[in-house]
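# Structural overview
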Amino acid sequence: MAKAIHSMIRVLDEKKSVDFYRTAFALEIAERLDFDTFTLIYLANEETEFELELTVNRERTEPYALGDGYGHLALSVSDLDSEHTRLTEAGLSPNKIVEFNRDGALLARFFFITDPDGYKIEVLQRHGRYK
């Protein structure tokens, strides 16, 4: 059976990206692999075994075009309101909290935040299937 272990995104500025994910989601560098033309940085925290892999191409100077196919990463938190407040106070400008209902019942509470490279990240209240 397959097990999801990581998702990779390409980033332009290693420091900005590592700082953002550390501040926003307490992700720390689990491993860093330097190669001649690129670096792979695996970020993780104690909440999950799933990792975010940052790929930094050394010669890249222009931001990546995310195109129209990229969706988003999603993370869950135990207290959405306090995380929203914390991220706002950290100057990371999360979007407003949204409640999504289906058939009169709460399906999800969430907000989106954007990382330094323009990737959208959905932050969900742990509830129902979003654990």
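Remember, predicted model here, so these are calculated numbers, not experimental data.

Calculation notes
- Residues numbered from 1 in each chain as written.
- Predicted model: local features only at pLDDT ≥ 70, side-chain atom pairs only at ≥ 80, totals over all residues.
- Heavy atoms only, no water.
- Helix = DSSP H or I, 4+ residues; strand = E, 2+ residues; numbered from the N terminus.
- Contact = heavy atoms within 4.5 Å.
- Areas by Shrake-Rupley, 256 points an atom, 1.4 Å probe, with all protein chains shown as cover.
- Pairing = 2+ DSSP bridges.
- Axes fitted to C-alpha atoms, helices over the stretch in contact; angles between N-to-C directions.

What follows deals with the overall build of the protein chain. Looking only at helices and strands, the protein chain has two helices and eight strands in total. Starting at the N terminus and ending at the C terminus, the protein chain contains elements arranged as β-α-β-β-β-β-α-β-β-β. Projected onto its principal axes, the C-alpha coordinates of the protein chain cover approximately 55 × 40 × 30 Å. Nonlocal contacts in the protein chain, meaning residues at least 24 apart in sequence, comprise 49% of its contacts between residues at least 6 apart. For the protein chain, the exposed surface amounts to about 8,400 Å²; the carbon and sulfur share of it is 50%.

Pairing is mixed across the open sheet formed by four strands, whose spatial order is β1-β4-β3-β2. Looking at which strands have only one partner, the edges of the open sheet turn out to be β1 (6–10) and β2 (28–34). Put simply, the sheet's adjacent strands are angled 20 degrees from each other on average, direction ignored. In this structure, strand β3 (residues 38–45) lies alongside strand β4 (residues 48–57), joined through seven bridges in antiparallel fashion. Pairing of Phe38 across the sheet is with Asn57, part of β4. Each of β1, β2, β3 and β4 is contacted by helix α1 (residues 14–25), which is oriented at about 160 degrees to β4, the strand it contacts most.

Take it as geometry only, folks, not as evidence of what the structure does.
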